[in-house]
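# What the coordinates show
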Amino acid sequence: TVDSSGGHTVAVYFKDVDSGLEYIFNGESRFAIASLNKAPYAMYLYTLAEQGTISLTDTIHVTKAMLEKSKDNSGILKDDENLPRDMSIEELISYMLRYSDTGALRILISRYGADGYKEYIGALGIQDPAVMSNVLGGSIAAAEAGRYLEALHRYMETGLFGAQLKDHLMNTRNLMIRSGWPVARKYGWDEKAFHDMAVVYAEHPYY
């Protein structure tokens, strides 16, 4: 992240999945979360679908007016020439993860809210879910991103919709963390923050 003086702050979290070995650099620093929340929010929606609370085939009629607040944000939905049109929940999740589409996230939040999400991420071990409860804002430390990755990895391997989540995260538009191994990632940036968190499927997988 870039501070007001033009300086930079960097934090790193690493964990070897097999051995549990961790390395954390600058682990106490907090950063604007940018778009990292979109991955755990998608996992939350998939969990609701598993429970039968929502259906991924339900549709929302998406209009240009619904995307007005997102016209300066990331993603491609705001430029879709085929709007208005009906979009399924699964399609909106795809836009949110593959293109980091903030408009898709706003639409999903308008339907499903953030109250349940706050409780959900607290159960994942996030130290202060209150700072991330609105999904669109808040802050995060590197080790918290690690806890997100552990939960995402677990869900991708065992969840009913884990294969869908993994496919989305392995086919994101922007590549920040680079590896010769397959990578399931969620990147995020805003004006002064640049992040990436990933499960790297190496011979010994790591976060």
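Along each chain, numbering runs from 1 in the same order as the chain's sequence is written. Two thresholds apply to this predicted model, a pLDDT of at least 70 for residue-level local features and 80 or more for giving and counting side-chain atom pairs, whereas whole-chain, interface and lining totals are computed over all residues. For side-chain calculations, the full set of non-hydrogen atoms in the structure is used, while hydrogens and water are omitted.

## Digging into the overall build of the protein
- Strands here are runs of E lasting at least two residues and helices are runs of H or I lasting at least four, both read from the DSSP assignment and numbered beginning at the N terminus. Per the secondary structure count, the protein includes six helices and eight strands.
- Starting at the N terminus, the α and β elements of the protein follow one another as β-β-β-α-β-β-α-α-α-β-α-α-β-β.
- Radius of gyration: over C-alpha atoms. The globule rule applied is 2.2 Å multiplied by the number of residues raised to the 0.38 power. Computed over its C-alpha atoms, the radius of gyration of the protein comes to 17 Å, within 12% of the 17 Å expected for a compact globule of 207 residues.
- C-alpha extents for the protein along the principal axes are approximately 45 × 45 × 35 Å.

## With respect to the nonpolar core
- For the purposes of this section, nonpolar cores are sets of buried Ala, Val, Leu, Ile, Met, Phe, Trp, Tyr and Cys residues that join through side-chain atoms within 4.5 Å. Note on exposure labels: buried denotes an accessible area under 20% of the residue type's maximum, exposed denotes more than 50%, and partly exposed covers the range between, all computed with a 1.4 Å probe on protein chains only. If you look at the biggest cluster of nonpolar residues, it comprises 57 residues, and the most contacted ones within it are Tyr-41, Leu-77 and Leu-165.
- Throughout, a contact is declared for two residues whenever any of their heavy atoms are within 4.5 Å. Excluding its chain neighbours within four sequence positions, the residues that come into contact with Leu-77 are Val-62, Leu-67, Leu-83, Arg-85, Met-87, Leu-92, Tyr-95, Asp-101, Ala-104 and Ile-107.

## Observations concerning the pairing of strand β2 (residues 22-25)
- Taken together, the four bridges between strand β1 (residues 12-15) and β2 define a ladder with antiparallel strand orientation. When the bridges of β2 are listed, Phe-14 appears paired with Tyr-23.
- By the convention used here, strands pair only if DSSP detects at least 2 bridges between them. What sits between β1 and β2 in their antiparallel hairpin is a turn of six residues, with Gly-20 showing a positive phi close to 80°.

## Looking at the pattern of salt bridges
- Between Lys or Arg on one side and Asp or Glu on the other, a salt bridge is scored when a side-chain nitrogen of the former is within 4 Å of a carboxyl oxygen of the latter. This structure, assessed with the given rule, holds seven salt bridges.
- For Arg-85, the salt bridge is made with Asp-80, and the minimal N-O distance between the two is 2.9 Å.
- Owing to a relative accessible area of 11%, Asp-80 belongs among the buried residues under this scheme.
- Taken together, the shared-partner salt bridges in this structure form one network comprising Asp-80, Arg-85 and Glu-91.

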